[in-house]
Protein chains: 2
Amino acid sequence: MTKIVIIGSGNVASHLFIALKDIDDVDIVQCYNRRGLALSKEENAVHLVVSDIKQLAKANLYILAISDDAIAEVSSEIPEGDHLVVHTSGSVSINSINNKHRRGVFYPLQSFSKNKHVDFTKVPFCLEAEHKEDLNLIKKIASSLSPKVYEISSEQRKMLHVAAVFANNFSNYMFTIAKEECDQNDIPFEILHPLIIETAEKALTLPPEKSQTGPAIRNDLKTIERHLNQISDIEHKKIYKVITEAIQNKHGKKL
Amino acid sequence: MTKIVIIGSGNVASHLFIALKDIDDVDIVQCYNRRGLALSKEENAVHLVVSDIKQLAKANLYILAISDDAIAEVSSEIPEGDHLVVHTSGSVSINSINNKHRRGVFYPLQSFSKNKHVDFTKVPFCLEAEHKEDLNLIKKIASSLSPKVYEISSEQRKMLHVAAVFANNFSNYMFTIAKEECDQNDIPFEILHPLIIETAEKALTLPPEKSQTGPAIRNDLKTIERHLNQISDIEHKKIYKVITEAIQNKHGKKL
């Protein structure tokens, strides 16, 4: 039985708590966060919480589901012992964890929202550990939540986080701009819903560079110019230009 | 029974042919394109094709599924008569069709690929016509293919096309960049697949501006700087900067 303490009170902490509490061979012995917040509404969750780090329970595994900036400090406050300390961040090195501990990373690559149920079977886990046996332990735990378990180094994870910013944050911003352009012209945004889903699904079957369409890759200068004239928002216009140029540069040789 | 001639030989022409040929009350009497290409491999499709516009059959409805630039010219070559001529373009005005005809627009808003089956029940149709009875005719035909039928003016359609460029072409380019960053670092792109699907699905339930996450909206300057240092591709770096600034400007007031 692996004794686990979950540290933190945000979305990742809550969703991991809810998922891990039902796993065989795992026993969540405590949750710690400064404000003493319960990680779910269950009675059991409330009893597990402490807000004073001096009351931290002994465990085999401490999961730091806290902000990137807090990882170094909070990990230094955990007393030394025969245990593994992992963080759950996409953008922080394994070395940010205080080196008095055996260290690892347990990074679920998904954007979690507070009130949306997370189906962990679809969440990829990116794992790293200094020691083979620790890696095996977190592999076993991750595998009990999801079939998508990857060993990813801190260097790779840094770049994966950048890639995720493009794939998630920036594509979402493209959807936001699309919605704003619809709203400004009394067009129901739902007209674009099937296109958005199709775009995402296509990117998984064909590689996305093969499914690129639109005026930029066709080098359709008339349409590009007309679009730029139509867009009144300066910021949207700038983004239209920069991405169009990038697509033209990337695919230009084929034209 | 509505007699239809389909003009053009590209993806839209082929997919519309395949979908319309099985609809009640519709009879595809001919397909015309300059190269005399059949729109499907069925024997019937081969017999229907003509490559000489002088052989154009009489019909109630001519569907121009051709490139934007060819709409004016090809529509001028169709003899005058008691019929409706529609184009299928997202970015061309209804007025591009020669005004000797009754005119309309029959625009299926989806990006079609040659070898991928199209489920038209998920495709929104954006319709426009000069005359009420023509609008009713194309509404009836579109409704027999899809429940998503919208009346959209030429002005609105122009902006919808811009919005679709952001929602489809540009988001796909974000996925392309994400894949390139993964490839360059030996990270399997499939790790990002669930995130891509989740991003698209979220944009349909929450409005996308509400589900924006990432370093830009958090105004996490340390992470933004680190990401910019990590990205070696100059084009990717430029796009990262421009979109980050746009997100910060849009959401800045909340910070």
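Residues numbered from 1 in each chain as written. Chains lettered and ligands numbered in written order. Predicted model: local features only at pLDDT ≥ 70, side-chain atom pairs only at ≥ 80, totals over all residues.

*Asks:* Describe the overall build of chain A, and please don't skip the residues or the numbers.
*Replies:* In terms of regular secondary structure, chain A is built from nine helices and eight strands. Taken over the C-alpha atoms alone, chain A extends approximately 70 × 40 × 30 Å along its principal axes. Taking all 255 residues of chain A together, the buried fraction comes to 47%. Sequence-distant contacts in chain A: of pairs separated by 6 or more residues, those separated by 24 or more amount to 50%. (Helix = DSSP H or I, 4+ residues; strand = E, 2+ residues; numbered from the N terminus. Buried ≥ 20, exposed ≤ 12 C-beta atoms within 10 Å, placed from the backbone. Contact = placed C-beta atoms within 7 Å.)

*Asks:* Let's hear about the relation of the copies chain B and chain A: which residues, and what values?
*Replies:* Note on the copies: chain B fits chain A at an RMSD of 0.0 Å, the axial shift is 0.0 Å, and the rotation between them is 180°. Considering both components of the superposition, the chain copies are consistent with a two-fold axis. Residue S171(B), judged by its C-alpha, is the member of chain B lying nearest the rotation axis, at 2.3 Å. (Least-squares fit on C-alpha atoms with pLDDT ≥ 70 in both.)

*Asks:* Describe the interface of chain B and chain A, with residues and values.
*Replies:* A common way to report how large an interface is uses the accessible area buried once the components associate. At the junction of the two partners, chain B supplies 71 residues and chain A supplies 70 residues. Taken together, the residues that form the side of chain B that touches chain A break down as 42 nonpolar, 20 polar and nine charged. (Nonpolar A, V, L, I, M, F, W, Y, C, P; charged D, E, K, R; others polar.)

*Asks:* Can you lay out the confidence of the model for chain A for me, pointing to particular residues and giving the numbers?
*Replies:* Per-residue pLDDT for chain A has a mean of 93; in total, 99% of the residues score no lower than 70. Two numbers describe this predicted complex: its pTM, 0.83, and its ipTM, 0.84. (pLDDT = per-residue confidence, 0-100.)

*Asks:* Give me the lowdown on the packing of helix α6 (residues 193–205) of chain A against helix α5 (residues 154–183) of chain B, citing residues and values where you can.
*Replies:* Their axes nearest at 9 Å, the elements α6(A) and α5(B) cross at an angle of 20°. Taken together, the axes of α6(A) and α5(B) are roughly parallel relative to one another. In this structure, α6(A) crosses over α5(B), and the sense of that crossing is right-handed. Contacts between α6(A) and α5(B) pair L195(A), I196(A), T199(A) and A203(A) from the former with A164(B), A167(B), N168(B), S171(B), N172(B) and F175(B) from the latter. Along the lines of polarity and charge, the residues of the contact of α6(A) with α5(B) split into six nonpolar, four polar and no charged. (Axes fitted to C-alpha atoms, helices over the stretch in contact; angles between N-to-C directions. Parallel < 35°, antiparallel > 145°, perpendicular 65-115°, else oblique. Left-handed = near helix turned anticlockwise from the far one by under 90°.)

*Asks:* Explain the sheet that holds strand β6 (residues 102–108) of chain B to me, and be specific about the residues and the numbers.
*Replies:* Residues and elements named next belong to chain B. Strand order in this open sheet of eight strands is β3-β2-β1-β4-β5-β6-β7-β8, and the pairing throughout is mixed. A single partner strand is all that each edge strand has here, and the edge strands are β3 (49–50) and β8 (149–151). With four bridges connecting them, strand β5 (residues 84–87) and β6 associate as parallel partners. Within β6, the residue paired with V86 across the bridge is G104. (Pairing = 2+ DSSP bridges.)

*Asks:* So what about the sheet that holds strand β4 (residues 61–64) of chain A? Which residues, and what values?
*Replies:* All names here are of chain A. Taking strand neighbours across the sheet as the criterion, the eight strands line up as β3-β2-β1-β4-β5-β6-β7-β8 in an open arrangement whose pairing is mixed. Among the strands making up the open sheet, the edge pair consists of β3 (49–50) and β8 (149–151). Examined bridge by bridge, strand β7 (residues 125–129) and β8 share three bridges and lie parallel to one another. Residue pairing across strands places C126 opposite Y150, the latter belonging to β8.

*Asks:* I'd like a rundown of the domain arrangement of chain A, residues and numbers included.
*Replies:* Residue and element names in this part refer to chain A. Under the domain assignment used here, chain A contains domain 1 (2–152) and domain 2 (157–254). Once you take the C-alpha centre of each, domain 1 and domain 2 turn out to be 36 Å apart. The interface is formed by eight residues belonging to domain 1 together with six residues belonging to domain 2. Here the residues of the side of domain 1 that touches domain 2 sort into five nonpolar, three polar and no charged. (Domains from an automatic or database assignment.)

*Asks:* Can you tell me about the nonpolar core, naming the residues and giving the values?
*Replies:* I6(A), I63(A), I6(B) and I63(B) are the most contacted members of the largest nonpolar core, which totals 154 residues. Leaving out residues up to four positions away in the same chain, I6(A) has contacts with A13(A), L16(A), F17(A), I28(A), C31(A), L39(A), I63(A) and A65(A). (Core = buried A, V, L, I, M, F, W, Y, C linked by C-beta atoms within 7 Å.)

*Asks:* Can you tell me about the environment of N115(A), naming the residues and giving the values?
*Replies:* Take N115(A): it is sitting in the loop between β6 (102–108) and β7. Placed 59 residues apart in sequence, N115(A) and L56(A) show a C-alpha to C-alpha distance of 28 Å.

*Asks:* With reference to specific residues and values, describe unusual backbone geometry.
*Replies:* All names here are of chain A. Phi at D25 takes a positive value of approximately 70°, unusual for a residue other than glycine. Of note, D25 is situated in the loop between α1 (11–20) and β2 (26–32). A residue is classified by how many C-beta atoms lie within 10 Å of it, and D25, with 9 of them, is exposed.

*Asks:* Could you give me a rundown of the pairing of strand β4 (residues 61–64) of chain B, with the residues and numbers involved?
*Replies:* All names here are of chain B. Residues of β4 alternate between two faces, with L61 and I63 on one and Y62 and L64 on the opposite face, all of them buried. Both strand β1 (residues 2–7) and β4 contribute to a ladder of four bridges, which runs parallel. In the strand pairing of β4, V5 is matched with Y62. Pairing geometry for β4 and β5, over four bridges, is parallel.

*Asks:* Please set out helix α9 (residues 234–251) of chain A residue by residue, giving values where relevant.
*Replies:* The end-to-end C-alpha separation of α9(A) is 26 Å, in line with the 26 Å expected for 18 residues at 1.5 Å each. For α9(A), the set of buried residues is H236(A), I239(A), Y240(A), I243(A), T244(A), A246(A) and I247(A). The buried residues of α9(A) all sit within an arc of 160° when viewed along its axis, so they share a single face. The exposed set on the far side of α9(A), more than 90 degrees from its buried face, consists of I234(A) and N249(A). Against α5 (154–183), α7 (215–218) and α8 (221–230) of chain A together with α5 and α9 (234–251) of chain B lie the buried residues of α9(A). (Expected span 1.5 Å × (residues − 1). Arc of directions from axis to C-beta.)

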